[in-house]
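Here's the letter readout for the chains.
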Amino acid sequence: MGEQLKIACGVFGAINFQKQPIFSYIYWGLRAQNHRGHQSHGFLTYNNGKIHVHRSLDLVPKLKTNAIQEWFGRLPGHIGIGNVRYTTSGKTDEASLIKGTQPVTASKNGLKLAVSFNGNIVNTFQLKKEISKEFPGFSYECDADLICHKLLIEFAKGKDLASAVETCMQEIQGAFSVAAITKDGKFFAFKDPYGIRPLCAGHSKDHSTYAFSSETVGLNINELERDFELEPGELVTVSKDGFGRKKLVNRRKKAFCAFEFAYFARPDSRFDEKYVYEIREEFGRNLVRENPDVVKDADMILSLPETGDDSALGVHEESGLRWERASRRHRYVTERAFILLNRERYSTIDKKINILAPKIRGKRVIVTDDSIVRGDTTKVIVEKLRKMGAKKVYVFITFPRIIGPCFYGIDMATYGQLIGSKHSPEEITEIIGADAVCYQSIEGLIKATGFNREQLCLACLTGKYPTPLAQKIADEMKKRFMKGYEETGRLYGIAEAVE
Ligand code: SF4
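What counts as what
- Residues numbered from 1 in each chain as written.
- Predicted model: local features only at pLDDT ≥ 70, side-chain atom pairs only at ≥ 80, totals over all residues.
- Heavy atoms only, no water.
- Helix = DSSP H or I, 4+ residues; strand = E, 2+ residues; numbered from the N terminus.
- Rg over C-alpha atoms; globule rule 2.2 N^0.38 Å.
- Buried < 20%, exposed > 50% of the residue type's maximum accessible area, 1.4 Å probe, protein only.
- Contact = heavy atoms within 4.5 Å.
- Areas by Shrake-Rupley, 256 points an atom, 1.4 Å probe, with all protein chains shown as cover.
- Lys, Arg positive; Asp, Glu negative; His and termini not counted.
- Charge placed at Lys NZ, Arg CZ, Asp CG, Glu CD.
- Pairing = 2+ DSSP bridges.
- Right-handed = clockwise from strand over helix to strand, strands pointing away.
- Polar contact = N/O pair within 3.5 Å; in protein donor to acceptor, adjacent residues only side chain to side chain.
- Axes fitted to C-alpha atoms, helices over the stretch in contact; angles between N-to-C directions.
- Parallel < 35°, antiparallel > 145°, perpendicular 65-115°, else oblique.
- Left-handed = near helix turned anticlockwise from the far one by under 90°.
- 1 Å grid on protein atoms, 1.4 Å probe; cavity = no way out; pocket = protein on both sides within 12 Å on 5 of 7 lines; lining within 4 Å.
- Points joined across faces, edges and corners; volume = space filled by probe spheres on them.
- Nonpolar A, V, L, I, M, F, W, Y, C, P; charged D, E, K, R; others polar.
- Disulfide = S-S within 2.5 Å.
- Core = buried A, V, L, I, M, F, W, Y, C linked by side-chain atoms within 4.5 Å.
- Domains from an automatic or database assignment.
- Salt bridge = Lys/Arg side-chain N within 4 Å of Asp/Glu carboxyl O.
- Near = heavy atom within 4 Å.
- Sits in = over half its atoms within 2 Å of the grid points.

Student: What is the right way to read the overall build of the protein from this model?
Tutor: Counting its regular elements, the protein contains 20 helices and 22 strands. Compactness check: the protein gives a C-alpha radius of gyration of 23 Å against a globular reference of 23 Å for 499 residues, within 12% of the reference. The principal-axis extents of the C-alpha atoms in the protein amount to approximately 70 × 55 × 40 Å. Sorting the 499 residues of the protein into buried and exposed places 60% on the buried side. For the protein, long-range pairs separated by at least 24 residues make up 70% of all intrachain contacts whose partners lie at least 6 apart in sequence. Per element, the accessible surface of the protein, about 20300 Å² overall, is 48% carbon and sulfur. Across the protein, the centroid of the 73 positively charged side chains sits 2 Å from that of the 62 negatively charged ones.

Okay, here's the thing in structure tokens:
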């Protein structure tokens, strides 16, 4: 159930070397990844030196069969990139959202570039200053514009693709996983040196089509085979012979976002050898091992659909407790809690989830969920279960306690909004009204992912940020927060002062 946190974006791009239209690949690649961004979507195709774009707000639409030819006509070409977006930077009024919809394009000195990006840039002020010198009056609505213009500046200096991308990797701080097309039809992708956001590569069985996708589900839906996850600091180009891989920047520390495993990614995606749902099951097993007394005192497990389901199976397998499937989603009610006022949260949960009171009355229940951010949704759920007659309510949370904001593309911008930044698990248990709130340990999380600590970003859990400016901003924000200053808006209000 979670708290409907939002991630910055989902990326998909593909090329067909038999010059077949690419639009349907881009369309399905984005449909499969709409969970990564629901505010806007965009398709961009490349055809004989010309770029064709369609951008719009909301979810990727269903296409009517009789309109398909029209879409192919509007977006011709054998190379394309697309994006689904939720904004974690820039303005959020409707006009700005449309302007900030990706993919973005820019041109300079006869060079043209199209970019689709997932992530969040931290040193925006410094970049904006630099870009404004070359592009007077430059303003931007999304971080993709910064990457696109910065790359063009480097190309205009006469640099080749690898050295232009390398400069971006060295000088841009933050998370960026990018797929791009140049005016002469070069199709490539790259990731920031910490590899914070996912991006994988795959191909069709007959090797006519090659693609990049934020998650493997974007490849699966197109019947493409996964080849590899891009390495941090890697540039990947595509030719008829396949992928060309070049590691441009090599940092000892990598920082793949640990929250992808617990919440954002689709359970049927994989980032390494394990599927996300397998990792979530392991989270559940681990919570049982870490909380034997709670397990001993419980009668049953109840998961809130759908992000708690996989961990509930793990809890069930490890503990032998019955997993009572007494909580079901109203399938076609899709409104999101975040657009509603606080007072409406109760009815939103009622409208989205049906919990069967007779099944939990008089029972000691463990509820599994993925994360606690503000805490208000969890509180409402606990209250609801108590009203329905649950004797005890224990809460198992698969992502450890979040204590700091995210600067890399997840919508957790301030300390003030995070219940875990101010309160211990015991205090949170009291605020939420549960009998116990049991967070998974950071060590348990790391172990379940199959990654090691040096490969993961755990900054919102530990306060140790992989990029230096983010650390500086976080420290300054925390100082002000502790002094009781009100944190307003997005974190970049503070960035200018410390950058
Ligand atoms: S700070 Fe947290 S949410 Fe943000 S990238 Fe790091 S692990 Fe992910």
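Student: How do you make sense of the pairing of strand 20 (residues 392-397) when you look at a structure like this?
Tutor: When a strand is regular, its side chains alternate between the sheet's two faces. The buried count for strand 20 comes to 5 of 6 residues, which makes it a mostly enclosed element. Pairing of strand 19 (residues 364-369) with strand 20, which is carried by 6 bridges, proceeds in the parallel orientation. Counterpart to T368 in the pairing with strand 20 is F396. Regarding the hand of the β-α-β motif, the stretch spanning strand 19, helix 14 (residues 376-387) and strand 20 is right-handed. Two elements, strand 20 and strand 21 (residues 436-439), share 4 bridges in a ladder whose sense is parallel. The residue of strand 21 that forms the bridge with V395 is V437.

Student: Even after reading the chapter, I still don't get the side chain of N222, so can you show me in this structure?
Tutor: Residue placement: N222 occurs in the loop between helix 7 (216-220) and strand 11 (225-229). Given the relative accessible area of 11%, N222 is considered buried. Separated by 3.1 Å, the side chain of N222 and the backbone oxygen of Y25 make a polar contact. Setting aside its immediate chain neighbours within four residues, N222 contacts F12, S24, Y25, W28 and G29.

Student: Just checking my understanding: could you explain the packing of helix 5 (residues 143-156) against helix 6 (residues 161-171) for this structure?
Tutor: Helix packing geometry: the angle between the two helix axes and the distance between the axes. One can describe the packing of helix 5 onto helix 6 by two numbers: an axis separation of 9 Å at closest approach and a directional angle of 135°. Relative to helix 6, the element helix 5 lies oblique. Pair helix 5 / helix 6 crosses with right-handed handedness. In contact with K150, L151, E154 and F155 of helix 5, helix 6 contributes L161, A164, V165, T167, C168 and E171.

Student: Before we go on, may I ask you to explain the pairing of strand 10 (residues 209-213) in this structure?
Tutor: Of all 5 residues making up strand 10, 5 are buried, and the element is well covered by its neighbours. Every second residue of strand 10 is oriented toward a common face, with T209, A211 and S213 on one face and Y210 and F212 on the other, all of them buried. The pairing of strand 1 (residues 9-16) with strand 10 spans 5 bridges and is classified as antiparallel. Paired with A14 across the strands is A211, a residue of strand 10.

Student: Honestly, empty space enclosed by the protein in this entry has me stumped. Any pointers?
Tutor: In this approach a probe as big as a water molecule rolls over the atoms, and the regions it shows empty are the leftover space. Scanning the entire structure with this criterion turns up 4 cavities of 30 Å³ or more. Its volume calculated, the largest cavity comes out at about 90 Å³. Along the wall of the largest cavity there are 17 residues; nearest its centre are R197, C257, C406, C457 and C460. Looking at the lining of the largest cavity residue by residue, the class counts come to 16 nonpolar, no polar and 1 charged.

Student: For this particular structure, what's the right way to read helix 17 (residues 442-449)?
Tutor: Working note: α-helix, 3.6 residues per turn, so residues spaced by three or four point in the same direction. All buried positions along helix 17 are accounted for by G444, L445, I446, A448 and T449. Along its buried surface, helix 17 packs onto helix 8 (259-264), helix 9 (276-290), strand 22 (456-457) and helix 18 (459-462). Following helix 17 by one or two positions, G450 has its phi on the positive side, about 85°.

Student: Help me understand the state of the cysteines in this model?
Tutor: Two cysteines form a disulfide when their sulfur atoms are joined by a covalent bond. All told, the structure shown has 0 disulfides when counted by the stated rule. Looking at the unpaired C438, the closest cysteine sulfur is the one in C460, lying at 20 Å. Classification of C438 as buried rests on a relative accessible area of 6%.

Student: Explain the nonpolar core here, please?
Tutor: Nonpolar side chains in soluble globular proteins tend to end up buried together. Membership of the largest hydrophobic core comes to 45 residues, with the highest contact counts inside it found for F259, F399, I402, F407, Y408 and M412. If you list the elements that add at least two residues to this core, you get strand 14 (256-257), helix 8, helix 9, helix 17, strand 22, helix 18 and helix 19 (468-482). Element by element, the count of residues in this core is highest for helix 19, at 6 residues. Composition of this core by domain shows at least three residues from each of domain 1 (9-251) and domain 2 (278-450 + 487-498). Among the nonpolar cores identified, the runner-up in size contains 34 residues, and I121, I153, A164 and I172 belong to it.

Student: It is not clear to me how the pattern of salt bridges should be interpreted in this structure. Could you clarify?
Tutor: It is possible for side chains bearing opposite charge to pair when their charged atoms get close. Under the defined criterion, the tally for this structure stands at 31 salt bridges. Residues R36 and E260 are paired through a salt bridge, measuring 2.9 Å at the closest nitrogen-oxygen approach. With R36 in the loop between helix 1 (23-31) and strand 2 (40-47) and E260 in helix 8, this residue pair connects regions lying 224 residues apart in the sequence. The pair R36 / E260 is uniform in exposure class, with both members buried. Residue K150 is joined to E154 by a salt bridge in which the shortest nitrogen-to-oxygen separation is 2.8 Å.

Student: What should I look at first to understand the site of the ligand in this one?
Tutor: As a matter of local geometry, the ligand sits amid I196, R197, C257, A258, F259, C406, Y408, I410, C457, A459 and C460. Using a 2 Å cut-off from the grid points, one finds that the ligand occupies the largest cavity. Its residues assigned to classes, the shell around the ligand shows 10 nonpolar, no polar and 1 charged.

Student: Can you help me understand the domain arrangement of the protein in this one?
Tutor: When the parts come together, some accessible area is lost, and that loss is often what is quoted as the size of the interface. What the domain assignment reports for the protein is domain 1 (9-251) and domain 2 (278-450 + 487-498). Using only C-alpha atoms to locate each centre, domain 1 and domain 2 end up separated by 34 Å.

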